[in-house]
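Residue-level listing of the chains:
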Amino acid sequence: QLPPSTKHQFVKMAAMTRAMPTLAVRASAGAAPRRAAAKASKAPVRAARDVRVQGGDAYGASGTSFYTTTEKQESYDSLDNVLDAKCADPEVRTVIKEQLDACADITEALRSALVTVEGSSNTFGDAQLSVDVIADQIMWDAVKSSAVVAFGASEEEPVVKPCNPNGRFTVCWDPLDGSSIVDNNWAVGTMIGIWSKETGDGEDGMLGATGRDQVTALIAIYGPRTTVLVGLDDGVYEFSYGCTPDGCQLPDGTFEPWICSRKQVKINPDSRIFSPANMRAGQEVAGYKKLMDYYIDNKYTLRYSGGLVPDVYQQFTKNMGIFTNPTSDKSPAKLRLAFEASPFGLLVEKAGGKTSDGVTGGSVLDVKITQVDQRTALCIGSANEVDRFNSFVLGK
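Residues numbered from 1 in each chain as written. Predicted model: local features only at pLDDT ≥ 70, side-chain atom pairs only at ≥ 80, totals over all residues. Heavy atoms only, no water.

Engineer: How should I be thinking about the confidence of the model for the chain in this particular structure?
Structural biologist: Confidence in the prediction for the chain averages 85 pLDDT; 80% of positions are at 70 or higher. Taken as a whole, residues 4-31 scores under 50 in pLDDT and shows 28 contacts with residues more than four places along the chain or in a different chain. Counting interchain partners and residues more than four positions distant, the pLDDT-below-50 stretch residues 37-63 has 29 contacts. (pLDDT = per-residue confidence, 0-100. Contact = heavy atoms within 4.5 Å.)

What follows is the structure, encoded as structure tokens:
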């Protein structure tokens, strides 16, 4: 017979256990299947955690914790319902759905693929991982089979390639950002920027264009869940993949593959969270070291993983944040303007945040793309924090 304490632990674990639906990899970029309902009944819904703030400090794991304030809804809108209401252009709706299908396929691939060195390298000589190759191929399959995509370009091989001559859009992507942390099973993501092929100086809609010319952008993060931020007509929306929340089961017992988990997400002008990249630049850029000292002296909370997607995506979930990546002579710019800075920049500014190009202090969305692989410094996040970066680091 088990001791009372052990029995208590088993009972507690059983109450928390939920049956999960079976996931299946789709062979094409067609419509994602509706999710099958879990056969086993779900555990009783527990009361919401009582997280109170007193004197500016939150009770919880620590005084620097930032818990979600997102409350459970009675129902969640489907992807189609939101796009029909919030995206007036039918071709933009089409390309969004196609890119979300690709993100769903990448999700399933990450669940089954081992992280190993593929034996190949990208254009920059970096060894490619198996998951990099798989994710990039999924993205290429999506754009090449699309009726609305005219050109595509991958961060793995930054060359604009033709897709459908009758298409309208140029799609640029970083298939799997976070190659240096994916082997540790940390969150990684996909960044997608979408331009009209009519923008810019050439026929591909890329060179000569700016990030502000994008018709939309998507940022996917693959962690315990897959969620994707999408820029729509009136703001930034988040869609969650494969979720089966109570009250959302369809009459046939299945679930929609994508549901809208948050609408019109906002980033507040002030932040208590900071994500400092390229800290070695502080040895040469006195203003950056001064800014780091400011964050520490004023008791900001460090939230930094080394992956651009999770480090900036948290600004949308916490409704605040600042990501800094200045450059110096010995620490040159690494972030790609078209593949990384522009897609995130569009969504952050659409959510009320701000960006800095790290040189003039102006928006990164106003920097003209003169090379497909163009690099940039970047500061992005809460508006007042970007202003502070411009003041401390750039003297603006």
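Engineer: What should I look at first to understand the pairing of strand β12 (residues 235-241) in this one?
Structural biologist: Two faces make up the sheet, and in a regular strand the side chains alternate between them. Among the 7 residues of β12, 7 are classified as buried, and the element is accordingly described as predominantly covered. Relative to strand β14 (residues 258-262), β12 runs antiparallel, the two being bridged by 4 bridges. If you follow Y241 over to β14, its bridge partner there is W258. (Buried < 20%, exposed > 50% of the residue type's maximum accessible area, 1.4 Å probe, protein only. Helix = DSSP H or I, 4+ residues; strand = E, 2+ residues; numbered from the N terminus. Pairing = 2+ DSSP bridges.)

Engineer: Teacher, can you tell me more about the sheet that holds strand β11 (residues 226-232) here?
Structural biologist: Backbone hydrogen bonds hold the strands of a sheet together, and the pairing may be parallel or antiparallel. Strand order in this open sheet of 8 strands is β7-β6-β8-β9-β10-β11-β12-β14, and the pairing throughout is mixed. Both outer strands of the open sheet, β7 (157-162) and β14, are each paired with one neighbouring strand and no more. Across the sheet, the axes of successive neighbouring strands diverge by a mean angle of 20 degrees, strand direction being ignored. As defined by bridge partners, strand β6 (residues 149-154) adjoins β7 across 3 bridges and the pair is classed as antiparallel. Along β7, the bridge assignment pairs S154 with E157. (Axes fitted to C-alpha atoms, helices over the stretch in contact; angles between N-to-C directions.)

Engineer: Explanation requested: the pattern of salt bridges in the structure shown.
Structural biologist: Close approach of charged atoms lets side chains of opposite charge pair. Following the criterion strictly, the structure yields 16 salt bridges and no others. Across the pair D234 and K86 runs a salt bridge whose closest N-O atoms are separated by 3.2 Å. Here D234, found in the loop between β11 and β12, pairs with K86, found in helix α2 (residues 79-86); they are 148 residues apart in sequence, far enough to count as distant. Exposure remark for K86: the relative accessible area of 29% places this residue in the partly exposed category. D293 is the partner of K289 in a salt bridge, and the nearest nitrogen-oxygen pair spans 3.6 Å. Of the two residues, K289 and D293 are both situated in helix α5 (residues 286-297); the distance of 4 residues between them amounts to about one turn of the helix. (Salt bridge = Lys/Arg side-chain N within 4 Å of Asp/Glu carboxyl O.)

Engineer: What should I look at first to understand the packing of helix α6 (residues 308-317) against helix α7 (residues 337-350) in this one?
Structural biologist: For any two helices packed against each other, one specifies the crossing angle of their axes together with the interaxial distance. Axis separation between α6 and α7 bottoms out at 11 Å; the angle between their running directions is 10 degrees. On the basis of the axis angle, α6 is roughly parallel to α7. Contact residues: α6 offers L308, V309, V312, Y313, Q315 and F316, while α7 offers E340, F344, L347 and V348. Tallied by class, residues from the contact of α6 with α7 come to 8 nonpolar, 1 polar and 1 charged. (Parallel < 35°, antiparallel > 145°, perpendicular 65-115°, else oblique. Nonpolar A, V, L, I, M, F, W, Y, C, P; charged D, E, K, R; others polar.)

Engineer: Explanation requested: the sheet that holds strand β17 (residues 322-325) in the structure shown.
Structural biologist: Strand order in the open sheet made by the 5 strands is β16-β15-β17-β21-β19, with mixed pairing throughout. Each having just a single partner strand, β16 (301-302) and β19 (354-356) make up the two edges of the open sheet. Sheet analysis places strand β15 (residues 273-276) next to β16, joined by 2 bridges and oriented parallel. Residue pairing in the sheet places I273 in a bridge with T301 of β16. Lying on the sheet, helix α8 (residues 383-394) is in contact with β17, β19 and β21 (378-381); it crosses β19 at an angle near 20 degrees.

Engineer: Mind showing me how you'd approach the packing of aromatic side chains here?
Structural biologist: Two descriptors summarise a pair of aromatic rings, namely the distance from one centre to the other and the angle between the planes of the rings. Within the structure shown, the criterion is met by 9 aromatic pairs. Grouped by ring-pair contacts, the aromatic residues F274, Y294, Y295, Y300 and F392 constitute a single cluster. Above the ring of Y300, the side-chain terminus of R272 is found at 4.7 Å from the ring centroid. Note that K290 overlies the ring of F392, its terminal NZ or CZ placed 5.1 Å from the centroid. (Phe/Tyr/Trp six-rings, centres within 6.5 Å; stacked < 30°, edge-to-face > 60°. Lys NZ or Arg CZ within 6 Å of the ring centre and 35° of its normal.)

Engineer: How should the packing of α2 against helix α3 (residues 90-112) be read in this particular structure?
Structural biologist: It is at 11 Å that the axes of α2 and α3 come closest, and there the two elements cross at 150 degrees. Between α2 and α3, the crossing angle belongs to the class labelled roughly antiparallel. Taken as a pair, α2 and α3 cross one another with a handedness that is right-handed. On α3, the residues that touch L79, D80, L83 and D84 of α2 are R93, I96, K97 and L100. Taken together, the residues of the contact of α2 with α3 sort by class into 4 nonpolar, no polar and 4 charged. (Left-handed = near helix turned anticlockwise from the far one by under 90°.)

Engineer: What's the story with the nonpolar core in this structure? I'm lost.
Structural biologist: Side chains of nonpolar character tend, in soluble globular proteins, to be buried together. Residues I96, L232, F239 and W258 are the most contacted members of the largest nonpolar core, which totals 45 residues. When residues in this core are grouped by element, the largest group, 10 residues, is from α3. Not counting residues up to four positions away in its chain, the partners in contact with W258 are S78, L79, L100, C103, A104, T226, V228, F239, S240 and Y241. F151, A153, I221 and V348 belong to the second largest nonpolar core, which has 40 residues in total. (Core = buried A, V, L, I, M, F, W, Y, C linked by side-chain atoms within 4.5 Å.)

Engineer: Looking at this structure, I do not really get the side chain of D204. What am I missing?
Structural biologist: The topology assignment puts D204 in the loop between β9 (188-196) and β10 (214-222). One polar contact links the side chain of D204 to the main-chain amide nitrogen of M206, over a distance of 2.9 Å. With residues up to four places along the chain from it excluded, the contact list for D204 reads F151, V160, T170 and K197. (Polar contact = N/O pair within 3.5 Å; in protein donor to acceptor, adjacent residues only side chain to side chain.)

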